[in-house]
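What the coordinates show
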Amino acid sequence: MPTDLYTADVTASAGTARSDDGLLEVDVREATSSDDSGATNPEQLMAAALSTCLLESLKIATSTAGGSTEGAQVRSRVTLAQDDGPGYSARYELLVTLPDAGAEPGDVLQQALSICPFTKTIDAASLDVHLV
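Remember, it's a predicted structure, so these values are computed and weren't measured experimentally. Note that residues are indexed from 1 along each chain, following the sequence as it is written. Per-residue local features are limited, in this predicted model, to residues with pLDDT of at least 70; the limit for side-chain atom pairs, both in listing and counting, is 80 or more; totals at the level of whole chains, interfaces and linings are taken over all residues. Here the side-chain values reflect all heavy atoms present in the structure, with hydrogen atoms and water set aside.

1. A look at unusual backbone geometry
- In the Ramachandran plot, Ala 14 falls in the positive-phi region, its phi being about 35° despite a non-glycine side chain.
- We count a stretch as a helix when DSSP gives it H or I for four or more residues in a row; a strand needs E for two or more, and each element gets its number in order from the N terminus. Looking at where Ala 14 falls in the secondary structure, it is placed in the loop between β1 (10-13) and β2 (16-19).
- Between buried and exposed lies partly exposed: a residue is buried under 20% and exposed over 50% of the maximum accessible area for its type, with that area taken using a 1.4 Å probe on protein chains only. You can call Ala 14 exposed: its relative accessible area is 87%.

2. Observations regarding the sheet that holds strand β3 (residues 25-27)
- In spatial order, the strands read β1-β2-β3; together these three strands make up an open sheet with antiparallel pairing. Strand pairing shows two members of the sheet lacking a second neighbour, β1 and β3, which therefore form its edges. Across the sheet, the axes of successive neighbouring strands diverge by a mean angle of 15°, strand direction being ignored.
- In this analysis, strands are considered paired if DSSP registers two or more bridges between them. Summarising the sheet, β1 and β2 pair through four bridges and their orientation is antiparallel. Within the sheet, the bridge partner assigned to Val 10 lies in β2 and is Ser 19. Each axis is a line fitted through C-alpha atoms, and for a helix only the stretch in contact is used; angles between axes span 0 to 180 degrees, taken between their N-to-C directions.

3. What about the layout of surface pockets?
- Only protein atoms enter the 1 Å grid used here, on which a cavity is any set of points holding a 1.4 Å probe that cannot leave and a pocket is any open set flanked by protein within 12 Å on both sides along at least five of seven lines; residues with an atom within 4 Å of a point are listed as lining. Grid points are joined across faces, edges and corners, and a volume is the space filled by probe spheres set on the points. Computed from the structure, the largest pocket encloses a volume of approximately 380 Å³.
- Around the largest pocket sit 13 residues that line it, and Tyr 6, Ala 8, Asp 9, Val 10 and Phe 118 are the ones nearest its centre.
- Of all the secondary-structure elements, those providing two or more residues to the lining of the largest pocket are β2 and α1 (42-64).
- In the scheme used here, Gly and all other residues not listed as nonpolar or charged are polar, with Ala, Val, Leu, Ile, Met, Phe, Trp, Tyr, Cys and Pro taken as nonpolar and Asp, Glu, Lys and Arg as charged. For the lining of the largest pocket, the per-class residue count stands at nine nonpolar, one polar and three charged.

Encoded structure:
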């Protein structure tokens, strides 16, 4: 049985998402292509979560390979799509720059993907990962 390490507690209501510790408080809106409200949307929040989670996992993977994440970046794209039936789906693309992997960059990336709890929970058919 897994051992719980951390629980994030965020409440969304009427255009706002706020963490219980007050460190995160953002205005949230529906995703649109043009909006100058200054609010973010769930897709941007998911992209931020994916890219930061994978970057943290890359820190672990590169350290075991003798490398580092200096200069590393993870760009995340989350695409919202209208399903054929009711509802929506999402596709995820991660573009990874890893200049000092310490070993074969593809192997280090695969190790990081196997560590990252967010990439592990996304259906592989919806996740596209590239080294750039």
